[in-house]
Amino acid sequence: MGDRARTPTLTALLCLGLCRGPCDQVQAGAAPKPSIWADPGPMVSRGSPMTIWCQGSLQADVYHLYKDRVSKPLDTEAPQNSSKKAGFSIESMSTHTAGLYQCAYHSRRKGWSERSDPLLLVVTGVYPAPSLSAHPSHVVTSGGNVSLSCSSEVTGDTFYLLKEGGAGPPRQMQSRTFRGRWQAVFSVGPMNASHGGTYRCYYNSSSYPHTWSYPSNPLHLEVTGVYREPSLSAQPGSLVFSGDNLTLQCRSGAGFDRFALTKDEGLTSLQHLHGQHSPYFPLGHVSHTHGGQYRCYSGHNLSHAWSAPSDPLDILIVGMYEKPSISAQPGPSVSWGEKVILQCRSEISLDRFHLSKEGSPAAPQLLRLQDAAVPFQASFTIGPVTSNHEGNYTCYSSDSTFPYLLSLPSDTLELLVSEGAKWAEGRSCGGHRTDAGEEFE
């Protein structure tokens, strides 16, 4: 290469006047090394045009292009008048035009420059595309790790992983065979915002290192937990009848203009975040398929970094089973400071019961039967009661197999609190508790 140290043999050749052209680069006061680049880039799909640009000093009068370190120039171009750079056009990239390129220029005052740094041109689209997948998921929490697996049915000696817009060179790894496929697994992490983005992978053969496959499918890595979590709410509420209109709203701090909504799918890892500019997510006329647990994320436009998830919001679809009955023991009128039991009973075999107070922002309280035997009922203990506990109560029943699908609501039970035990007045208001020890605001 032109930037290697001068050797005694080369110095002797120069002194004898036997070195011609760009090898004059090592003479004292030689013209500075030119820069070289490819347009549109050093990776070009087979059959596409591209241009190699070389730019030296303003005194340059001719440029030479060299390939694969051969001493004889591949091409010669005069510089453009305005910029004094020269362009070497390749009309159609192929396996023959891929390789290592350098350029040099000549000026009348200083002779030949040294050669530029090498430019590696890679032709893609020669072999079938590999596949790229993320494990355990495309969506990774900040600080976590993810494995990107690039695999092919065609023999590939080396696999390359590239990040769109990345400044560094491609990561490369030798392939291994697994279940009849060639593959390489790239570990990424611990994750931070800079790891988010679009990735693709390629492979090649060691016999033709500058000839690569088609790119894999793009893989979008999303990083969560970079910002503080938003909040998620439902309008008109989280308890809706089948057929009602439902809209979820994701609220976050100022400056966020991208929002994503997810619905938990059991044990399956979250695979994608589909962002939108509006914080409102209209679900339309809901059906049983809309029941579930939702979370939302906030982020910034054109970024793959997201907030932590909001607290989960359970959307419960009402009207899937016959209504249960509700009753109060010892009765619906209770003295201040006493306890009351609200009993929810179903005529069909259901093992989950939900108690809701009209006007309360809290989610319905839940009790699950440990032994689903007749009678199918659950008892919610409330107290010691205060005036805060007065109001209308309804209950629902459901099946643990389909936890977000509820029965029709029971008839309404009005709970009245009398002043019979006024000694409790002025004390801090106690919550009301179920048999499971859950507090109900």
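About the cut-offs
- Residues numbered from 1 in each chain as written.
- Predicted model: local features only at pLDDT ≥ 70, side-chain atom pairs only at ≥ 80, totals over all residues.
- Heavy atoms only, no water.
- Helix = DSSP H or I, 4+ residues; strand = E, 2+ residues; numbered from the N terminus.
- Buried < 20%, exposed > 50% of the residue type's maximum accessible area, 1.4 Å probe, protein only.
- Contact = heavy atoms within 4.5 Å.
- Areas by Shrake-Rupley, 256 points an atom, 1.4 Å probe, with all protein chains shown as cover.
- Pairing = 2+ DSSP bridges.
- Axes fitted to C-alpha atoms, helices over the stretch in contact; angles between N-to-C directions.
- Disulfide = S-S within 2.5 Å.
- Salt bridge = Lys/Arg side-chain N within 4 Å of Asp/Glu carboxyl O.
- Phe/Tyr/Trp six-rings, centres within 6.5 Å; stacked < 30°, edge-to-face > 60°.
- Lys, Arg positive; Asp, Glu negative; His and termini not counted.
- Polar contact = N/O pair within 3.5 Å; in protein donor to acceptor, adjacent residues only side chain to side chain.

Going by what an unreviewed UniProt entry lists, the protein is known as Leukocyte immunoglobulin-like receptor subfamily A member 6 isoform X6 and is assigned to Equus przewalskii.

### A short note on the overall build of the protein
For the protein, the count of helices and strands is one helix and 38 strands. A total of 441 residues make up the protein; the buried ones form 42% of that total. Of all intrachain contacts in the protein linking residues separated by at least 6 positions in sequence, the fraction that spans at least 24 positions is 69%. Accessible area for the protein stands at about 22800 Å²; split by element, carbon and sulfur atoms hold 51% of it.

### A closer look at the sheet that holds strand E24 (residues 280-285)
With respect to topology, three strands assemble into an open sheet ordered E20-E22-E24, the strand pairing being antiparallel. This sheet does not close on itself; its edge strands, each paired only once, are strand E20 (231-235) and E24. Direction aside, neighbouring strands of the sheet carry axes that sit 15 degrees apart on average. Bridge analysis of E20 against strand E22 (residues 245-251) gives five bridges, and the strand direction is antiparallel. Note that in E22 the partner of Leu-232 across the bridge is Cys-250.

### A look at the state of the cysteines
Following the criterion strictly, the structure yields four disulfides and no others. Across a sulfur-sulfur distance of 1.9 Å, Cys-54 and Cys-103 are joined as a disulfide pair. Here the disulfide of Cys-54 and Cys-103 is right-handed, its torsion about the S-S bond being about 80 degrees. Of this pair, Cys-54 sits in strand E3 (residues 50-55) while Cys-103 is found in strand E7 (residues 99-107), placing the two residues 49 residues apart along the sequence. By relative accessible area, which is 0% here, Cys-54 ends up buried. A relative accessible area of 0% means that Cys-103 is categorised as buried. Bridging Cys-250 to Cys-296, the disulfide has an S-S length of 2.1 Å. Between Cys-250 and Cys-296 the sulfur-sulfur dihedral comes to about 80 degrees; the bridge is accordingly right-handed. Taken together, the residues span a long stretch of sequence, with Cys-250 in strand E22 and Cys-296 in strand E25 (residues 292-299) at a distance of 46 residues.

### Topic: the sheet that holds strand E30 (residues 340-346)
Spatial strand order, E28-E30-E33: three strands in an open sheet with antiparallel pairing. The strands lining the two open edges of the sheet, one partner per strand, are strand E28 (325-329) and strand E33 (376-382). Strand-to-strand twist in this sheet, taken as the mean axis angle between neighbours without regard to direction, amounts to 20 degrees.

### Structural notes on the pattern of salt bridges
Across all of its chains, the model carries seven salt bridges by this definition. Close ionic contact of Asp-68 with Lys-67 constitutes a salt bridge, the shortest N to O distance being 2.9 Å. Taking the relative accessible area as the measure of exposure, Asp-68 reaches 39% and is therefore partly exposed. Overall, Lys-67 belongs to the buried group, its relative accessible area being 16%. One salt bridge in this structure joins Arg-181 and Glu-153, with 3.4 Å as the shortest N-O distance. Here Arg-181 is found in strand E16 (residues 181-188), whereas its partner Glu-153 is found in the loop between strand E12 (146-152) and strand E13 (158-163), with 28 residues between them in sequence.

### Details of the packing of aromatic side chains
If you walk through the whole model with that rule in mind, you get six aromatic pairs. Ring centres 5.5 Å apart and planes at 50 degrees place the aromatic pair Tyr-202 and Trp-212 in the tilted group. With Tyr-202 in strand E17 (residues 197-205) and Trp-212 in strand E18 (residues 208-213), this residue pair connects regions lying ten residues apart in the sequence. Like Trp-212, Tyr-202 is buried. Each ring, one from Tyr-227 and one from Phe-256, has its centre 5.3 Å from the other, and the planes form 70 degrees; the classification is edge-to-face.

### Structural notes on the side chain of Arg-115
Mapped onto the secondary structure, Arg-115 falls in the loop between strand E8 (111-112) and strand E9 (119-127). No salt bridge is formed by the buried Arg-115, whose closest oppositely charged neighbour, Glu-114, lies at an N-O distance of 9.6 Å. Within the local environment of Arg-115, its side chain forms a polar contact with the backbone oxygen of Val-70, the two atoms lying 3.3 Å apart.

### What to know about the pairing of E12
Most of E12 sits inside the fold, with six of its seven residues counted as buried. Of the strand pairs in this sheet, strand E10 (residues 131-135) and E12 are connected by five bridges, and their pairing is antiparallel. Bridge pairing in E12 places Leu-132 opposite Cys-150. Of the pairings in the sheet, the one linking E12 to E16 comprises seven bridges and is antiparallel in character. What sits directly across from Cys-150, in E16, is Ala-184.

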